[in-house]
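Spelled out from the first residue to the last, the chains are:
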Amino acid sequence: MDGSIRSRIKSLLRSPSIRLRKSRSRVSLSNQVTLERVVGITASGNSSLTCDPCSGTVAYPAGCVVVLLNPSKNSQQHLINSSRKTITALSFSSDGKYMVTGESGHLPAVRVWDVECGTQVAELQEHKCAVSCVTFSPNSKYIVTVGSQHDMSVNLWVWKRNALVATNKVSSKVTAVAFSDDSSYFVTAGNRHVRFWYLEPSHSNKLSPTVPLMGRSGLLGELQNNFFCDVACGRGLKSDSTFCVTSSGLLCEFNDRRVLEKWVHLQTSSAASLSVTGDLIFCACANGTVRVFSSSDLSFICTLPRPHHLGVDIASVTQTRNPDVQNPDSVAVKYDPVNGWLSCVYNDHSVYVWDTRDLQRVLKVYSALYHSDSIWDLQMFPKDTQDSKSLPGSSGLFFSCSSDSTVRLWSS
């Protein structure tokens, strides 16, 4: 009797009608649910923060989602990675039409997205482990992708043909890549590593089989044992220069012969990233510090305001003058040439956008203080609570608690 019942139940579950109802349920649910807002960020450095040079849109990863933030309107759009793998690196094309992303995990893909349509237009698969950094060439023809220290490969793609045209291995951990202004070479930086990779003339002609990517090391001199954590190629009159920051807090300039020509100390215990314009260099440093230097001679200009510290209302952030107060470290900076704004990410997962058009009076444009650790629970604010009448938009409020020892109230 029991065996007969089990057999009938299995037959029923395998029937086409049951499978059809299940599939209809999934399709119906996916059509009804849309992502409206992401409360959080997983960017840990400059390779996972980018800015559209044409519109000023700021982009960063939050797990398997790319958040496209309009700071002035406090609005978001999203690109969702269908593989559900965590996005580790991203970059806009020079015209802002496309974005390239790299992901973590086994056999990660490099994906190119049409930003306006929100759709994937190319998928490049060659890396075996996580992708640590990606970038477009300024002419948008090429994409460079760098694998994690377990992958150790640098790949050059003609992405519109889905073609890997050149590749090579690196022996050091690489955390940053930058293209020259004329798209003729790119530079990688990492642990005791600054290397210049030159595009052969054959790369610009008809498609040919993959060839070895040719590179030459930067001449580091007495700084050869440093960790070069970020790199940026000069723009405009400084297009022949390449700038790096070291984790020990040095800002360095290489000339067009790959020689480390000069460096200055950032007067900080550590540094993480930099962003270069035609005139300025912004350097992200420890304790919420962002130093500004002139790109022409590396002379110091100013220090930007620091962000919040624990116990301060983020909506009323001001420059902290108490030397005993600790601020979160600055880990990523990107300049917006459209508005003259600087986007900063700090190591407590907070995001600030500063108006840097007048460096004598830097103002906050936007800020978001997200949880700095894993989230344990979420609860919607009860609609029928008497107190909710005094809270505007209370129907979209929710609580979150985290292992960062905070409970927060959010508006969706």
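Residues numbered from 1 in each chain as written. Predicted model: local features only at pLDDT ≥ 70, side-chain atom pairs only at ≥ 80, totals over all residues. Heavy atoms only, no water.

- Looking at an unreviewed UniProt entry, one finds the protein named Mitogen-activated protein kinase-binding protein 1-like and attributed to Triplophysa rosa.

### Some remarks on the overall build of the protein
Part 1 of the reasoning: Each helix and strand in the protein was counted, giving two helices and 32 strands.
Part 2 of the reasoning: For the protein, the residues scored as buried account for 50% of the 412 residues in total.
Part 3 of the reasoning: Of the contacts formed within the protein by residues at least 6 apart in sequence, a portion of 43% connects residues at least 24 apart.
Part 4 of the reasoning: Surface accessibility of the protein: about 20,300 Å² in total, with carbon and sulfur atoms responsible for 50%. (Helix = DSSP H or I, 4+ residues; strand = E, 2+ residues; numbered from the N terminus. Buried < 20%, exposed > 50% of the residue type's maximum accessible area, 1.4 Å probe, protein only. Contact = heavy atoms within 4.5 Å. Areas by Shrake-Rupley, 256 points an atom, 1.4 Å probe, with all protein chains shown as cover.)

### Observations regarding the pattern of salt bridges
Part 1 of the reasoning: Applying the stated rule across the entire model yields seven salt bridges.
Part 2 of the reasoning: Two residues, Glu-123 and Arg-111, come together in a salt bridge whose shortest N-O distance is 3.2 Å. Residue Glu-123 is found in strand β8 (residues 119–124), and its partner Arg-111 is found in strand β7 (residues 110–114); the two are separated by twelve residues along the sequence.
Part 3 of the reasoning: Exposure remark for Glu-123: the relative accessible area of 33% places this residue in the partly exposed category.
Part 4 of the reasoning: Here Lys-238 ties to Glu-253 by a salt bridge, and the two come within 2.9 Å at their closest N and O atoms. Of this pair, Lys-238 sits in the loop between β18 (228–233) and β19 (242–246) while Glu-253 is found in strand β20 (residues 250–254), placing the two residues 15 residues apart along the sequence. Each member of the pair, Lys-238 together with Glu-253, is buried. (Salt bridge = Lys/Arg side-chain N within 4 Å of Asp/Glu carboxyl O.)

### Overview of the sheet that holds strand β32 (residues 407–411)
Part 1 of the reasoning: As summarised here, the arrangement of the three strands in space is β30-β31-β32, forming an open sheet in which the pairing is antiparallel. Because the sheet does not close on itself, it has two edges, and the strands there are β30 (375–380) and β32. Across the sheet, the mean angle from the axis of one strand to that of its neighbour is 25°, orientation sign disregarded.
Part 2 of the reasoning: Two elements, strand β31 (residues 397–402) and β32, share five bridges in a ladder whose sense is antiparallel. (Pairing = 2+ DSSP bridges. Axes fitted to C-alpha atoms, helices over the stretch in contact; angles between N-to-C directions.)

### Describing the pairing of strand β6 (residues 98–103)
Part 1 of the reasoning: By the criterion of burial, β6 is predominantly enclosed, with five of the six residues buried.
Part 2 of the reasoning: The pairing of strand β5 (residues 87–92) with β6 spans five bridges and is classified as antiparallel. When the bridges of β6 are listed, Phe-92 appears paired with Met-99.

### Overview of the state of the cysteines
Note on terminology: a disulfide is the covalent bond linking the sulfur atoms of two cysteines.
Part 1 of the reasoning: Enumeration over the complete set of coordinates arrives at zero disulfides.
Part 2 of the reasoning: The cysteine Cys-51 is free of any disulfide, with Cys-54 supplying the nearest cysteine sulfur at 9.9 Å.
Part 3 of the reasoning: Taking relative accessible area as the criterion, Cys-51 reaches 11% and is therefore assigned buried. (Disulfide = S-S within 2.5 Å.)

### A short note on the nonpolar core
Part 1 of the reasoning: Among the nonpolar cores identified, the biggest contains 22 residues, and Ile-41, Leu-49, Tyr-60, Val-345, Val-351, Tyr-366 and Tyr-370 are the most heavily contacted of them.
Part 2 of the reasoning: Where this core is concerned, the elements lending two or more residues are β2 (58–62), β3 (65–70), β26 (330–336), β27 (341–346), β28 (350–355) and β29 (363–369).
Part 3 of the reasoning: Filtering out sequence-adjacent residues up to four positions away, Val-351 remains in contact with Ile-41, Cys-344, Val-345, Tyr-366, Ser-367, Ala-368 and Tyr-370.
Part 4 of the reasoning: Residues Val-144, Val-165, Phe-179 and Leu-213 belong to the second largest nonpolar core, which totals 18 residues. (Core = buried A, V, L, I, M, F, W, Y, C linked by side-chain atoms within 4.5 Å.)

### A closer look at the side chain of Asn-46
Part 1 of the reasoning: Along the chain, Asn-46 falls in the loop between α2 (16–32) and β1 (50–51).
Part 2 of the reasoning: Side chain to side chain, Asn-46 and Ser-273 meet in a polar contact 3.5 Å long.
Part 3 of the reasoning: Of the polar contacts made by the side chain of Asn-46, one reaches the backbone oxygen of Leu-274; its length is 2.8 Å.
Part 4 of the reasoning: Not counting residues within four places of it along the chain, the set of residues in contact with Asn-46 comprises Asp-230, Ser-273, Leu-274, Val-331, Ala-332, Val-333 and Lys-334. (Polar contact = N/O pair within 3.5 Å; in protein donor to acceptor, adjacent residues only side chain to side chain.)

### Describing the side chain of Asn-287
Part 1 of the reasoning: By the secondary structure assignment, Asn-287 is in the loop between β23 (280–285) and β24 (290–294).
Part 2 of the reasoning: A distance of 2.7 Å separates a polar atom in the side chain of Asn-287 from the backbone nitrogen of Asn-327.
Part 3 of the reasoning: With residues up to four places along the chain from it excluded, the contact list for Asn-287 reads Arg-306, Val-325, Gln-326, Asn-327, Pro-328 and Asp-329.

### Overview of the packing of aromatic side chains
Part 1 of the reasoning: Under the counting rule described, the total for this entry stands at 13 aromatic pairs.
Part 2 of the reasoning: Look at Tyr-185 and Tyr-198: their rings are 5.7 Å apart centre to centre, the planes differ by 45°, and that puts the pair in the tilted class. With Tyr-185 in strand β14 (residues 185–190) and Tyr-198 in strand β15 (residues 193–198), the pair connects residues that are 13 residues apart, well separated along the chain.
Part 3 of the reasoning: For Tyr-185, a relative accessible area of 12% gives the class buried.
Part 4 of the reasoning: The interplanar angle of 15° and the centroid separation of 5.7 Å between the aromatic rings of Phe-282 and Tyr-335 together place this pair among those described as stacked. (Phe/Tyr/Trp six-rings, centres within 6.5 Å; stacked < 30°, edge-to-face > 60°.)

### Describing unusual backbone geometry
Part 1 of the reasoning: Despite not being glycine, Ser-140 shows a phi value in the positive range, around 65°.
Part 2 of the reasoning: The class of Ser-140 is buried, set by a relative accessible area of 14%.
Part 3 of the reasoning: Look at Ser-183: it is not a glycine, yet its phi comes out positive at around 65°.
Part 4 of the reasoning: Here Ser-183 is to be found in the loop between β13 (174–179) and β14.
Part 5 of the reasoning: For Ser-183, a relative accessible area of 6% corresponds to the buried category.

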